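# Structure assessment
Spelled out, the chains give:
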Amino acid sequence: MVDQVAIEKAKEHFGRLVKEQLDRVEQMKHSEGWTDYSKKKRIVIGIVGGDGIGPYICKHARTVLEHLLAEEISSGKVELRTIDGLTIENRVKLLKPIPPEILEELKRCDVILKGPTTTPKKGDPWPNIESANISMRRELDLFANVRPVRVPSQGIDWMFFRENTEGSYILGSRGLNVTDDLAFDFCVTTTQGSERIIRLAFEHAKKNRIGKVTVVTKANVIKVTDGKFLGMAERVSKDYPGIKWDDWFIDIMTAKLLDEARRHEFKVMVLPNLYGDIITDEAAQIQGGVGTAGSANIGTRYAMFEAIHGSAPRMVEEGRAKYADPSSIIKAAAMLLNHIGFTEESSRLEMALDICGQYERRLVITGRSNGATGEQFARYLMETLGDMDLEDRWKGYQGSK
Ligand code: IPM
Ligand code: MG
């Protein structure tokens, strides 16, 4: 028998979602321009430890920032502001992905460096609240998730532009059990949301003289939303006649990243939220593990930088938190420095990370007691950063591997 009441309820729910999304489209139409950090008297960097291994690895990223920005911090041009309390315990207490006063504090910063935060799922000991990441990305309108992956020895130099606010994520906590037997989730793609991420990818290619952008969808099956994303790529590409573009489906793209003969041909990739989530973990693994990859979440007003991995509560439970690799969050700190205009400092830090993590590897982190601790690695990195010949040392490795 058809459950008319359930159908009516579902329609109402859907109606509310449609209304909210239409309002969001209007907001996007009137969004402000990009922040010019060079014009700011003071740049506030919020540092959020998060939970699990978050505070352990964040501590090291902070030390690196304090070192590289020592002058600016003492002159007051830059402030590092600790924001405590974004822990799973606090979030669960309030049943909120981000406690409101913490969200207010975040909004008083310009950019944020964030340790991982635990994301519950059904069946976990925690109530199934929304992810703090997803909420922060939405609340601060951080629409671009920019994730670089490089393996110089194999010619891999990938830059992923993952759409960060829409797709399967935006209503991920607003799906509907219509009846006990029927569950719906929603996937949302907008003209404005697709255009801004695709344009950013093309702009990146143009600025860095990269002749190709790869658009990844599953538009042969997910015809409406992915179809819209792909259609937008075609439109945007017309504004960049010097840049070629190609489109791939996510399944074969996932395979191609493992194809050693072809994978270096990909450079800039732009893709909807969920595909971007999945493929960037795969890419990070190719680089040496998710512990090595940083991620920038960028919007016009705010930006947040983080490791791409989760909070690894098991490492904490098993007493292994001190062996967690801080490279990912330090890489995120390098991206942060670049974003706010400290390009020199950022590139020194990237070089030091390359030397310590990819080339010289005097210390290796395994996540266990047979490897170095995060502290030891951070010290090694700081020593390397302090080397007057850092650039020559880094150049020496180029081409040699
Ligand atoms: C990531 C993470 C998040 C995501 C989780 C923690 C919600 O996997 O940043 O890639 O799915 O986006
Ligand atoms: Mg992920």
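Note that the structure is predicted; figures quoted are calculated from it, not measured.

### With respect to the site of ligand 1
Near ligand 1, the surroundings consist of Thr119, Ser131, Asn133, Ile134, Arg137, Arg147, Arg162, Tyr169, Asp277 and Ile308. In this structure, Arg137 approaches ligand 1 through a side-chain N or O atom, which is 2.7 Å from an oxygen atom. Here an oxygen atom of ligand 1 and a side-chain polar atom of Arg147 are 2.8 Å apart. Protein contacts shield 81% of the accessible area of ligand 1, which totals 320 Å² for the unbound molecule. With 3 residues, helix H6 (residues 132-139) is the single largest residue contributor to the shell around ligand 1. Class assignment for the residues of the shell around ligand 1 results in 3 nonpolar, 3 polar and 4 charged. Inspection of the shell around ligand 1 shows a minimum of three residues originating in each of domain 1 (40-142 + 299-401) and domain 2 (148-288).

### Details of the sheet that holds strand S1 (residues 43-48)
Ordered by their spatial adjacency, 10 strands build an open sheet running S2-S1-S3-S12-S11-S4-S5-S10-S8-S9, and the pairing between neighbours is mixed. The open sheet terminates on both sides in strands that have one partner only, identified here as strand S2 (78-83) and strand S9 (244-249). On average, each strand axis in the sheet is tilted by 20 degrees relative to the strand beside it, whichever way the strands run. Relative to S9, strand S8 (residues 212-217) runs parallel, the two being bridged by 6 bridges. Of the residues in S9, the one forming a bridge with Val215 is Asp247. The sheet strands contacting helix H5 (residues 100-107) are S1, S2 and strand S3 (111-114), and the helix crosses S2 at an angle near 170 degrees.

### Digging into the packing of aromatic side chains
What characterises a pair of aromatic rings is the spacing of the ring centres plus the angle enclosed by the ring planes. Under the criterion given, the structure shown has 7 aromatic pairs. Seen in terms of ring centroids, Phe14 and Phe186 are 5.8 Å apart; in terms of plane orientation they differ by 20 degrees. Their pairing is stacked. Residue Phe14 is located in helix H1 (residues 4-29), and its partner Phe186 is located in the loop between strand S7 (182-184) and helix H7 (191-207); the two are separated by 172 residues in the primary sequence. The class of Phe14 is partly exposed, set by a relative accessible area of 44%.

### Some words on the environment of Arg91
By the element assignment, Arg91 lies in helix H4 (residues 88-94). Separated by 31 residues in sequence, Arg91 and Lys122 place their C-alpha atoms 16 Å apart. Beyond its immediate stretch of four places on either side in the chain, Arg91 contacts Asp51, Leu86, Lys96, Pro97, Pro99, Thr117, Thr118, Ile129, Glu130 and Ala132. Here the side chain of Arg91 touches Thr118 through a polar contact of 2.9 Å, landing on its backbone oxygen.

### Section: the domain arrangement of the protein
Considered domain by domain, the protein is made up of domain 1 (40-142 + 299-401) and domain 2 (148-288). Computed over C-alpha atoms only, the centres of domain 1 and domain 2 are separated by 24 Å. Every contact between the two is made by 13 residues of domain 1 and, on the other side, 16 residues of domain 2. Summed over both partners, the interface of domain 1 with domain 2 comes to about 1300 Å²; 49% of that surface belongs to carbon and sulfur atoms. Linking domain 1 with domain 2 are 2 salt bridges. In this structure, Asp141 engages Arg196 in a salt bridge whose closest nitrogen and oxygen atoms are separated by 3.0 Å. Across the domain 1-domain 2 interface, the total number found is 4 residue pairs in polar contact (both at pLDDT 80 or more).

### Quick look at the pattern of salt bridges
For the structure on display, the rule yields 32 salt bridges. One salt bridge in this structure joins Asp246 and Lys212, with 3.5 Å as the shortest N-O distance. Within this pair, whereas Asp246 is found in strand S9, its partner Lys212 is found in strand S8, the two being separated by 34 residues in sequence. For Arg393, the salt bridge is made with Glu360, and the minimal N-O distance between the two is 3.1 Å. Placement of the pair is Arg393 in helix H15 (residues 390-397) and Glu360 in the loop between helix H13 (343-359) and helix H14 (374-385), with a sequence separation of 33 residues. Note on Arg393: relative accessible area 23%, which makes it partly exposed. Residues participating in the shared-partner salt-bridge network are Glu360, Arg362, Glu383, Asp387 and Arg393.

Cut-offs used in this document
- Residues numbered from 1 in each chain as written.
- Chains lettered and ligands numbered in written order.
- Predicted model: local features only at pLDDT ≥ 70, side-chain atom pairs only at ≥ 80, totals over all residues.
- Heavy atoms only, no water.
- Near = heavy atom within 4 Å.
- Polar contact = N/O pair within 3.5 Å; in protein donor to acceptor, adjacent residues only side chain to side chain.
- Areas by Shrake-Rupley, 256 points an atom, 1.4 Å probe, with all protein chains shown as cover.
- Helix = DSSP H or I, 4+ residues; strand = E, 2+ residues; numbered from the N terminus.
- Nonpolar A, V, L, I, M, F, W, Y, C, P; charged D, E, K, R; others polar.
- Domains from an automatic or database assignment.
- Pairing = 2+ DSSP bridges.
- Axes fitted to C-alpha atoms, helices over the stretch in contact; angles between N-to-C directions.
- Contact = heavy atoms within 4.5 Å.
- Phe/Tyr/Trp six-rings, centres within 6.5 Å; stacked < 30°, edge-to-face > 60°.
- Buried < 20%, exposed > 50% of the residue type's maximum accessible area, 1.4 Å probe, protein only.
- Buried area = accessible area lost by both parts, 1.4 Å probe.
- Salt bridge = Lys/Arg side-chain N within 4 Å of Asp/Glu carboxyl O.

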